[in-house]
Amino acid sequence: MTPWASASEVAAAVNSGAQSALATIELALARIEARNGTLNAFTSVVAERARAKARALDAVRADGKPLGPLAGVPFAVKNLFDVADLPTLAGSKINRERPPAERDSPLIARLEAAGAVLVGALNMGEYAYDFTGENMHDGPSRNPHDTGRMTGGSSGGSGGAVAGGLVPLSLGSDTNGSIRVPASFCGLFGLKPTYGRLSRARSFPFVASLDHLGPLARSARDLALAYDAMQGPDPEDPVCVDRPVEPALPGLERGTQGLRVAVAGGYFKRGASPEALEAIDRIAKALGATREIELPEAGRARAAAYVITATEGAALHLDRLRTRAADFDPATRDRLIAGAIAPAALAIKAQKFRRWYRETVLKVFDGVDAILAPATPFTAPALGQQTMMLDGVEVPLRPNIGIFTQPISFIGLPVVAVPVPLRPLPIGVQIIAAPWREDVALRLAYALEKEQVALAPRPPE
Amino acid sequence: MDTSKDLDTLIDVAARAIDLPVEAEWKPGVKAHLEVLLRLAAVVEQFKLPDEAEPAPVFEARHA
């Protein structure tokens, strides 16, 4: 097995006995040891725990019992997921003083129940209020395609670890784009499921109205495998829906026949770099998507998402802002203080607009099954970069990274970000589906991957 | 009306009202973010909705 084997290939090898789970995990641990100094993706490696789990899997197999669909697959999680015996950092300095978590998050438990093996926790932007993957406490996660560039954030380590071949699968969180942005900058497949689909219990929150969790991988099949293993109700998360598991894997290879795909125009074309437009063109051509549609008021949706994020985020952190303000990254702190000062009526108005926008966008889905939009306006910027040229105008970088992802997560639509292997740097395209139709987005992603139009490129080393 | 000065006052007074200490050197950053927030909130507000429009979150009075 090379470090570039997919989760599906690893699981097949371990299930068949071609490679033991322990040997698989030792390979991953050695790979992390060799590459993490450069990529800075991991903040904790749980080597002994992983070896114990792998030995247990090998014992089950030796008894002639079946292993799960993710048997022996090493995976890692953004460090806002509770991992038993580790403090849940959420990218912060302050949380280092938290007592270690007593139990794993349910998504970790569900992946491990399917045979996967947790190997560590991953770097992220402070308290997830970030699109860059930089972190002043742990240092920046580095993009494997060019280590002088951003991974994107806030699930930066989740992007770097998978793109760098340290693990085939990671989990991240996405409030305004934090799975889809690193998927785009690092050239990965990323799934942000429907709001309420996957349990967020025992993960450190950011904006309860908008928080989602989901997987990143180097193939669409691996996303579907992980997603199916993590589905199901959870009374510990009041937002998680009481809905039966709707597996995406069985229909993954059904092809694109009968699916109506349109390209988002207007807002989603303004401010996009030539690379972002080239990526959309390639995907649209491959899917025969000639129709262009408008998501009405997308710019206003992005504005409303910004207001809800700043104010709800401020409510979450108000006590820490009062007592520990000096221990925040100043960039996070100043935005949160601004959110605490803004009048509450503005946040409620944004929530009213959110319901209107949802009703309006859902009508668009009467006529289409999926909508294509860029995941980011540009490819990965340099670490520390502050501004960007767009349409010949110099604009501040950070607030512009999420302009295409925010109007989508704002109403919880499921999205698969697929990587388009442009050179020298990849860039992502969002495949946006109607609520609860992750299967449609994954099916299209799989078809695009099969044609090699979407592809997670292997970085240089 | 000097909006810039008003924002300085708002930050001072609102922060004091909610017992949130804001150091002098943080204020330019806070102010810059507050300006963006208020500008974007105004974009949202320009979109008129009826009084009956419900906010997105729904609370259910039931056993968990």
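What you see is a predicted model; the values in this text were computed from it and never measured.

A. Molecular detail of the overall build of chain B. Scanning chain B from terminus to terminus reveals 2 helices and 0 strands. Scaling as 2.2 N^0.38, a compact globule of 64 residues should have a C-alpha radius of gyration of about 11 Å, whereas chain B reaches 17 Å, well beyond that. In terms of its C-alpha atoms, chain B occupies a principal-axis envelope of roughly 45 × 30 × 15 Å. Here chain B holds 64 residues, and 19% of them are scored as buried.

B. Representation of the packing of helix H2 (residues 21–39) of chain A against helix H3 (residues 47–62) of chain A. Residues and elements named next belong to chain A. For the pair H2 and H3, interaxial distance at closest approach is 7 Å and the crossing angle is 155°. Here H2 lies roughly antiparallel to H3, going by the angle between them. The segment H2 lies against H3, with Ala21, Leu22, Thr24, Ile25 and Leu29 engaging Ala47, Ala50, Arg51, Ala54, Arg55, Leu57 and Asp58. Of the residues belonging to the contact of H2 with H3, the class tally is 8 nonpolar, 1 polar and 3 charged.

C. Broad picture of the pairing of strand S11 (residues 370–374) of chain A. Residue and element names in this part refer to chain A. Counting buried residues in S11 gives 5 out of 5 residues, a clear majority hidden from the surface. Burial along S11 is two-sided: the face carrying Ala370, Leu372 and Pro374 and the face carrying Ile371 and Ala373 are both buried. With 3 bridges connecting them, strand S9 (residues 261–264) and S11 associate as parallel partners. If you follow alanine 262 over to S11, its bridge partner there is isoleucine 371.

D. Structural context of the sheet that holds strand S2 (residues 74–78) of chain A. Residue and element names in this part refer to chain A. The strand order across the open sheet built from 11 strands is S1-S3-S2-S6-S8-S7-S14-S15-S11-S9-S10, with neighbouring strands paired in mixed fashion. Edge strands, defined here as strands with exactly one partner in the open sheet, are strand S1 (42–45) and strand S10 (291–293). Direction aside, neighbouring strands of the sheet carry axes that sit 30° apart on average. Where S2 lies against strand S3 (residues 117–122), 5 bridges are found, and the strand directions are parallel. If you follow alanine 76 over to S3, its bridge partner there is glycine 120. With respect to the sheet, H3 is in contact with S1 and S3, its orientation differing from that of S3 by roughly 160°.

E. Seen up close, the nonpolar core. All names here are of chain A. If you look at the biggest cluster of nonpolar residues, it comprises 163 residues, and the most contacted ones within it are Val119, Phe189, Val307, Leu372, Val416, Ile431 and Ala445. When residues in this core are grouped by element, the largest group, 11 residues, is from helix H9 (residues 298–324). With near-sequence residues (within four places) excluded, alanine 445 lies in contact with Phe189, Ala220, Val416, Val418, Ile431 and Ala454.

F. Looking closely at unusual backbone geometry. Residues and elements named next belong to chain A. Glycine 153 connects to serine 154 through a cis peptide bond whose omega is 10°. Here the residue pair arginine 423 and proline 424 is connected by a cis peptide bond, since its omega of 0° sits within 30 degrees of zero. Checked against the element boundaries, proline 424 lands in the loop between strand S14 (415–420) and strand S15 (427–433). The backbone phi angle of alanine 128 is positive, close to 70°, even though this residue is not glycine. Position of alanine 128 among the secondary structure elements: in the loop between S3 and strand S4 (142–143). With 29 C-beta atoms packed within 10 Å, alanine 128 lands in the buried category.

G. Fine view of helix H4 (residues 106–113) of chain A. Taken together, the buried positions of H4 of chain A are Pro106, Leu107, Ile108, Arg110 and Leu111 of chain A. Against the buried residues of H4 of chain A lie S2, S3, strand S6 (169–174), strand S8 (212–217) and helix H7 (220–230) of chain A.

H. Here's a closer look at helix H14 (residues 438–450) of chain A. Residue and element names in this part refer to chain A. The end-to-end C-alpha separation of H14 is 18 Å, in line with the 18 Å expected for 13 residues at 1.5 Å each. By the criterion of burial, H14 is predominantly enclosed, with 11 of the 13 residues buried. Of the positions making up H14, those classed as buried are Glu438, Asp439, Val440, Ala441, Leu442, Arg443, Leu444, Ala445, Tyr446, Ala447 and Leu448. Where H14 terminates, the next one or two residues include glutamine 452, which has phi positive at roughly 65°.

I. A look at the interface of chain A and chain B. Each partner contributes residues to the interface: chain A has 34 residues there, and chain B has 29 residues. Looking at the side of chain A that touches chain B, the elements with two or more residues in it are H9, helix H10 (330–341) and helix H11 (344–364) of chain A. The greatest single-element share of the side of chain A that touches chain B, amounting to 11 residues, is contributed by H11 of chain A. Within the side of chain A that touches chain B, the residues separate by chemical class into 20 nonpolar, 3 polar and 11 charged.

J. Local environment of the environment of alanine 128 of chain A. It is 9.8 Å that separates the C-alpha atoms of alanine 128 of chain A and lysine 78 of chain A, two residues lying 50 residues apart in sequence. In contact with alanine 128 of chain A, other than residues within four places in its own chain, are Leu80, Ala90, Gly91, Ser154, Ser173, Thr175, Ser178 and Phe206 of chain A.

K. Structural detail: the confidence of the model for chain B. Per-chain confidence: chain B averages 92 in pLDDT, with 94% of residues scoring 70 or above. Both confidence scores are given for the complex: pTM 0.98, ipTM 0.95.

Rules used throughout
Residues numbered from 1 in each chain as written. Chains lettered and ligands numbered in written order. Predicted model: local features only at pLDDT ≥ 70, side-chain atom pairs only at ≥ 80, totals over all residues. Helix = DSSP H or I, 4+ residues; strand = E, 2+ residues; numbered from the N terminus. Rg over C-alpha atoms; globule rule 2.2 N^0.38 Å. Buried ≥ 20, exposed ≤ 12 C-beta atoms within 10 Å, placed from the backbone. Axes fitted to C-alpha atoms, helices over the stretch in contact; angles between N-to-C directions. Parallel < 35°, antiparallel > 145°, perpendicular 65-115°, else oblique. Contact = placed C-beta atoms within 7 Å. Nonpolar A, V, L, I, M, F, W, Y, C, P; charged D, E, K, R; others polar. Pairing = 2+ DSSP bridges. Core = buried A, V, L, I, M, F, W, Y, C linked by C-beta atoms within 7 Å. Expected span 1.5 Å × (residues − 1). pLDDT = per-residue confidence, 0-100.

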